[in-house]
Amino acid sequence: MHKTAVIVEDDPDIRHLIVEVLEAAGFSTVSVGNGIDGVRAVLSYQPLITTLDVNMPGIDGFEAARRIRAQSDTYIIMITGLEEEADVVLGLGAGADEYVVKPFRPRELRARVESLLRRPRATGTAVAAAPRQEATGPSFPGARPAVPQYDAVPTSPVFDERIMTPVYSEQPPQGGAVVLPPQGAPQLGGAHPGMPQPGNAVAPASAVPPVGGPGWTVHRDLAVHAEHRVVLVAGRELTLTRTEFDLLSTLMESKRRVRSKADLTLVLRGESYVTSYFVGEADKRAIEAHMTNLRRKLGDNPNNPRYIETVRGVGYRLTSETVAGA
């Protein structure tokens, strides 16, 4: 499978390091130096992985993540020097799948990328829509590979042609470096009648068995079907991110068994119970942020939980079926 990554980073040294890590992992790369170009590159090439800095010219990484997540299911990794809990929560809430604090370790970044690729994808659009890059040929706008043509959408205010400053990989990978379209080319993006939208991949209603049937896990009025990635609260369908769904599905399967933050981190990486993988404080804060977002969507009050309770100093588990308010 051909893999494309978009790198959005204004520091040339860090950008070059990320390029080296991802190209060593088999990706073709598109590198840009600001958030506006980053959104444009993602919409044009539908990459498998996108890395985002936060403090950049144009729009910051949080806003770039929101715009990208609204129109793409690419895996987003924020790589930033901001390490406060509020920044982690904001980044994950904006749509990031991973949050990595600078300075980062290249081998750990690659491991995080590989763990993301083991997670179920919400849709197949990013891989299917990614353009094919030929093994030979120069990396300049005239040699830009063809991409699927969708209905053009107005580019303002998302894109500002006056500050487009694409930066390309200095060392093209085996598959050839991907380049941005030349200025003046039509912008791609927006909703399209024939394209699935990002979020939870929900099977057609006729394909999902009735609640209580095979594949369903039920806790009070909360029902989860892991195979079809469907969540119902009191019969109402709920839309979750990939990470939120994986966390909820894990807790539903575990029922009253406590799952620690480190345990949940490894589950999201696809390396459950492999103790050789490092789990740092930033990883645990990321789990806390995801749980905050999940509870908010479930309408669950952590002070009087209906679905998920915190076991202080340990982790999380489902509430009892018999506590008050059930």
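Our subject is the structure that appears above.
Rules and cut-offs
- Each chain has its residues counted from 1, running along the sequence as written.
- Given that the model is predicted, a residue must reach a pLDDT of at least 70 before its local features are reported, and side-chain atom pairs must reach 80 or more before they are shown or counted; all residues, however, enter totals for whole chains, interfaces and linings.
- Side-chain measures here rest on the full set of heavy atoms in the structure, leaving out hydrogens and waters.
- We count a salt bridge whenever a side-chain nitrogen from Lys or Arg sits within 4 Å of a carboxyl oxygen from Asp or Glu.
- Counting from the N terminus, the helices are DSSP H or I runs at least four residues long and the strands are E runs at least two residues long.
- Residue exposure (1.4 Å probe, protein chains only): buried if accessible area is under 20% of the type maximum, exposed if over 50%, otherwise partly exposed.
- Between any two strands, at least two bridges found by DSSP are needed for them to pair.
- Only the stretch in contact is used when fitting a helix axis, every axis being a line fitted to C-alpha atoms; angles between N-to-C directions are given from 0 to 180 degrees.
- Small angles under 35 degrees read as roughly parallel and large ones over 145 as roughly antiparallel, with 65 to 115 read as roughly perpendicular and the rest as oblique.
- We call two residues in contact when some of their heavy atoms are within 4.5 Å.
- In the scheme used here, Gly and all other residues not listed as nonpolar or charged are polar, with Ala, Val, Leu, Ile, Met, Phe, Trp, Tyr, Cys and Pro taken as nonpolar and Asp, Glu, Lys and Arg as charged.

## Concerning the pattern of salt bridges
Evaluation of the coordinates by the stated rule reveals 17 salt bridges. Linking Asp246 and Arg229 is a salt bridge whose minimum nitrogen-to-oxygen distance equals 3.1 Å. Residue Asp246 is found in helix α7 (residues 242-254), and its partner Arg229 is found in the loop between β8 (222-225) and β9 (230-233); the two are separated by 17 residues along the sequence. Each member of the pair Asp246 and Arg229 is classed as buried. The salt bridge partner of Glu309 is Arg317, with a shortest N-O separation of 2.5 Å. With relative accessibility at 23%, the residue Arg317 sits in the partly exposed group. One salt-bridge network, in which partners are shared between bridges, spans Glu98, Arg105, Glu108 and Arg112.

## Digging into the pairing of β8
Neither face of β8 is open: one carries Leu222 and Val224, the other Ala223 and His225, and all of them are buried. One ladder, built from 4 bridges, connects strand β7 (residues 216-219) with β8; its direction is antiparallel. Bridged to His219 within β8 is Leu222. Linking β7 to β8, which pair antiparallel, is a turn of 2 residues; within it Arg220 sits at a positive phi near 55 degrees. Here β8 runs beside β9; their pairing, made up of 4 bridges, is antiparallel. Of the residues in β9, the one forming a bridge with His225 is Val230.

## A short note on the packing of helix α3 (residues 61-71) against helix α4 (residues 85-94)
Interaxial distance between α3 and α4 falls to 8 Å at its minimum, and their mutual angle equals 20 degrees. Relative to α4, α3 is oriented roughly parallel. Contacts from Phe62, Ala65, Arg66 and Arg69 of α3 reach α4 at Asp87, Leu90, Gly91 and Ala94. Residues that form the contact of α3 with α4 fall into these classes: 4 nonpolar, 1 polar and 3 charged.

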